[in-house]
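Observations on chain architecture
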Amino acid sequence: MNKVLLATAAFALVAAAVPSYAQQTTTKDQLIGSWKVLSLKATTGDRVSYPLGEQVVGYVTITPTRFWLLFVDATRKAPAAPALTDAEAVAMMKTQVAWTGKYTTAEQTAEGIKLTARVDAASSQAIFDTDRVYFIRVDGNKMMVKSP
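First, a word on scope: everything that follows refers to the structure included in this document.

The rules behind the values
- Residues numbered from 1 in each chain as written.
- Predicted model: local features only at pLDDT ≥ 70, side-chain atom pairs only at ≥ 80, totals over all residues.
- Heavy atoms only, no water.
- Salt bridge = Lys/Arg side-chain N within 4 Å of Asp/Glu carboxyl O.
- Helix = DSSP H or I, 4+ residues; strand = E, 2+ residues; numbered from the N terminus.
- Buried < 20%, exposed > 50% of the residue type's maximum accessible area, 1.4 Å probe, protein only.
- Pairing = 2+ DSSP bridges.
- Phe/Tyr/Trp six-rings, centres within 6.5 Å; stacked < 30°, edge-to-face > 60°.
- Polar contact = N/O pair within 3.5 Å; in protein donor to acceptor, adjacent residues only side chain to side chain.

Concerning the pattern of salt bridges
Under the counting rule described, the total for this entry stands at four salt bridges. Notably, a salt bridge pairs K146 with E111, separated by 2.7 Å at the nearest N-O pair. Separated by 35 residues along the polypeptide, K146 in strand β11 (residues 142-146) and E111 in the loop between β8 (96-109) and β9 (112-122) bring together distant segments of the chain. Where R118 meets D131, a salt bridge forms, and the shortest distance between an N and an O atom there is 3.0 Å. Of this pair, R118 sits in strand β9 while D131 is found in strand β10 (residues 131-139), placing the two residues 13 residues apart along the sequence. Relative accessible area serves as the criterion here: at 41%, D131 is assigned to the partly exposed category. Because the salt bridges share partners, they merge into one network encompassing R118, D129 and D131.

Structure, rendered in structure tokens:
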């Protein structure tokens, strides 16, 4: 079965706009797998932005104990050679986010199951050793993710 992730990001992390209709309970077992990102955006009230551009590629992989995330701006320019120039390296860092950490799940809420991940490796040291909290809902082969 193909799994897809519908998400939105705030501060280069996963967040989401979730429709406001009654949801079925999502279980931890439904989260396990690799999820392809279809949408990644930040919403604040009526304002929508795209931290990594409107065309994002990437995956979220959830194992029984670990959360992995990689998002990349699909329109970013390829470097001229395998060895990046300083300018190319800066551009690459500004157009991606990646991190991993062990996680726990908690109670089911109206927004989904609560997942808290402790970042233990990241593309940005700014989020190392921090907690990332998400509310995740699975509907068929689609996952929607929202940050508080």
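Considerations on the pairing of strand β6 (residues 56-62)
Judged by which residues are buried, β6 turns out to be one-sided: V56, G58, V60 and I62 face inward and are buried, whereas V57, Y59 and T61, on the alternate face, are not. Bridge count for strand β3 (residues 33-39) against β6 is four bridges, and the pairing is antiparallel. Within the sheet, the bridge partner assigned to S34 lies in β6 and is T61. Looking at chain direction, β6 and strand β7 (residues 66-73) are connected through seven bridges and run antiparallel. Considered in β7, the bridge of Y59 is made with L70. If you look at the hairpin formed by β6 and β7, you'll find three residues sitting between the two strands.

Quick notes on the packing of aromatic side chains
Inspection of every chain in the model, using the stated rule, returns three aromatic pairs. Summarising the aromatic geometry, the rings of F67 and W99 are spaced 5.1 Å apart at their centres and angled 20° between planes, so their arrangement reads as stacked. Here F67, found in strand β7, pairs with W99, found in strand β8; they are 32 residues apart in sequence, far enough to count as distant. One exposure class covers both F67 and W99, and it is buried. Ring centres of F67 and Y134 lie 5.9 Å apart, and the angle between their planes is 15°; this geometry places the pair in the stacked category. Of this pair, F67 sits in strand β7 while Y134 sits in strand β10, placing them 67 residues apart in sequence. Taken together through their ring pairs, the aromatic side chains of F67, W99 and Y134 make up a single cluster.

So, the environment of Q30
Structurally, Q30 is set in helix α1 (residues 28-31). The sequence separation of Q30 and G140 amounts to 110 residues, and the corresponding C-alpha distance is 9.4 Å. In this structure the side chain of Q30 is engaged in a polar contact, spanning 2.7 Å, whose partner is the backbone nitrogen of T27.

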